[in-house]
Amino acid sequence: MAKMVITCALTGAETTKAQAPALPVTPEELAASAEECCKAGAAIVHLHARGEDGGPTADVKVFKKAIDLIRKRTDVVVEITTGGAVGMTPEERIAPVALEPDMASLDCGTVNFGNDYIVNTLPIMRQFASEMNKHKVHPTLECFDVSHVQSSHILIKEGLIKPPYHYGFVMQVPAALSLTPKTLGYMMDQMPADSHFTVMGIGRAHIPGICLAIAAGGYIRVGFEDNIYYAKGRLAKSNTEFVERAVRMSKEAQLEIATPGDVRKLFGLRGA
Ligand code: ZN
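Conventions adopted
The numbers attached to residues start from 1 for each chain and follow its sequence in the written order. Residue-level local features of this predicted model are given only where pLDDT is at least 70; pairs of side-chain atoms are given and counted only at 80 or more, and the full residue set underlies all totals for whole chains, interfaces and linings. To get the side-chain values, all heavy atoms of the structure are used, and hydrogens and water are removed first. Grouping buried Ala, Val, Leu, Ile, Met, Phe, Trp, Tyr and Cys residues that are joined through side-chain atoms within 4.5 Å yields what is termed a nonpolar core. For every residue, the accessible area (1.4 Å probe, protein chains only) is compared with the maximum for its type, and the residue is labelled buried under 20%, exposed over 50%, or partly exposed between those bounds. Strands here mean DSSP runs of E at least two residues long; helices mean DSSP runs of H or I at least four residues long; both are numbered from the N terminus. Expected helix span is computed as 1.5 Å times (number of residues minus one). When checking whether two residues touch, look at their non-hydrogen atoms; a contact exists if any pair is within 4.5 Å. The donor set comprises N, O and S atoms within 2.8 Å of the metal, extended to 3.2 Å for Na, K and Ca; water molecules are omitted, so apparent gaps in a site may simply reflect that omission. The geometry test gives tetrahedral to four donors whose angles all lie between 85 and 135 degrees, gives square planar to four donors and octahedral to six donors whose opposite members are over 155 degrees apart with all other angles between 65 and 115, and gives irregular to the rest. A cavity here means a set of points on a 1 Å grid, drawn over the protein atoms and nothing else, where a 1.4 Å probe fits but cannot get out; a pocket is an open set with protein on both sides within 12 Å along at least five of seven lines, and a residue lines either one if it has an atom within 4 Å of a point. Grid points are joined across faces, edges and corners, and a volume is the space filled by probe spheres set on the points. All amino acids are sorted into three groups, where Ala, Val, Leu, Ile, Met, Phe, Trp, Tyr, Cys and Pro are nonpolar, Asp, Glu, Lys and Arg are charged, and the leftover types, Gly among them, are polar.

## A closer look at the nonpolar core
Across soluble globular proteins, nonpolar side chains show a tendency to be buried alongside one another.
Reasoning step 1: Among the nonpolar cores identified, the biggest contains 81 residues, and Ile6, Leu47, Tyr167, Phe169, Val243 and Val263 are the most heavily contacted of them.
Reasoning step 2: Of all hydrophobic cores here, the second largest spans seven residues; its members include Val111, Ile118, Phe144 and Val173.

In structure tokens:
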């Protein structure tokens, strides 16, 4: 029986409590949400940190507090962002990797982000991949566009990214690539053989993303970073609610739900 890996992106950089009152923001709230999500079936949590004002921060101390609290409560695999937030420098974005989380996102190209943009040149990508190797942090190769998958080939060829490759296809970001069976299929076609991938359907692509991941042999990501609505016009009550639905849908599709231990083995993470 194949196993479904579910990631919950707890908070992100953009969503606010005003938009989604149930959004976890403080390290304590993040840890509580991580524990609940793991109990519900998420094997990985994807982590952004927020400052006192609730806005995104790259402060390593805040990341450390959140990671320490999460690890006290649950064995869930911790993946931190290195995409950070619009306006952060590459140095700020990569700094929390020194805390040795299990995994980290590695953006594989520059991308429009609504009215903003996030810069990821090849030199930035090389620097990030080297730092992750140094701290034994497994990258999730986040691709917002087909060309990003192709950029990842350069780093793979240079030996900076080692198998097993795990792609994260971030689709339907405003002004970036939309999610359709065709666009996802083309992204998948560009991956090296035996790669793993998680579909991250943003906003209204949330449920199509889950369905396509199940159909195409990929993994699922849910959570307030990607989408705040559980159903049309109805805000999610918690991250857990999203995880529970992804679990139900996967089980109906005859998939077993991967545990954090399964993911540690799958990607050869620390403590596997
Ligand atoms: Zn993120």
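## Quick look at unusual backbone geometry
Reasoning step 1: Cis rather than trans, the peptide bond between Pro163 and Pro164 has omega equal to 0°.
Reasoning step 2: A positive phi angle, near 75°, is found at Ala175, a position not held by glycine.
Reasoning step 3: Located in the positive-phi region is Gln254, a residue other than glycine, with phi close to 65°.
Reasoning step 4: Tracing the backbone shows Gln254 in the loop between helix H8 (239-252) and strand S16 (256-257).
Reasoning step 5: The exposure class assigned to Gln254 is exposed, which follows from its relative accessible area of 54%.

## Notes on helix H1 (residues 27-40)
Reasoning step 1: Across its 14 residues, H1 extends 20 Å between first and last C-alpha, which sits within 8% of the 20 Å expected from 1.5 Å per residue.
Reasoning step 2: Summarising the contacts, the buried residues of H1 are in contact with strand S2 (6-9), strand S3 (44-47), helix H2 (60-73), H8 and helix H9 (260-267).
Reasoning step 3: Count one or two residues on from H1 and you reach Gly41, which has phi positive near 130°.

## Observations concerning the coordination of the zinc ion
Reasoning step 1: Taken together, the protein ligands of the zinc ion are His46 (NE2), His48 (NE2), Glu225 (OE) and Glu225 (OE), with distances of 2.1 to 2.6 Å.
Reasoning step 2: Here the zinc ion is ringed by four donor atoms whose angles at the metal span 53 to 133°, and the overall shape comes out irregular.
Reasoning step 3: Read from N- to C-terminus, the donor residues coordinating the zinc ion fall into the pattern H-x1-H-x176-E.
Reasoning step 4: Judged by relative accessible area, which is 1%, His46 ranks as buried.
Reasoning step 5: The class for His48 is buried, based on a relative accessible area of 5%.

## Details of empty space enclosed by the protein
Reasoning step 1: Per the stated rule, a full pass over the model turns up two cavities of 30 Å³ or more.
Reasoning step 2: Approximately 40 Å³ is the volume found for the largest cavity.
Reasoning step 3: Along the walls of the largest cavity sit Thr57, Ala58, Phe63, Thr81, Gly84, Met88, Glu92, Arg93 and Pro96, which together make up its complete lining.
Reasoning step 4: Within the lining of the largest cavity, the residues separate by chemical class into four nonpolar, three polar and two charged.
Reasoning step 5: By volume, the second largest cavity is sized at about 30 Å³.
Reasoning step 6: Together, His48, Ala49, Pro56, Thr57, Phe63, Thr81, Gly84, Ala85 and Met88 line the second largest cavity.

## Overview of the layout of surface pockets
Reasoning step 1: Estimates place the volume of the largest pocket at around 730 Å³.
Reasoning step 2: Lining the largest pocket are 38 residues; nearest its centre among them are Ile202, Gly203, Glu225, Asp226 and Asn227.
Reasoning step 3: When residues of the lining of the largest pocket are traced back to their parent elements, those giving at least two are strand S7 (103-107), helix H7 (206-216) and strand S14 (229-231).
Reasoning step 4: Ranked by the residues each element gives to the lining of the largest pocket, the list is headed by S14, at three residues.
Reasoning step 5: When grouped by side-chain class, the residues that make up the lining of the largest pocket number 16 nonpolar, 14 polar and eight charged.

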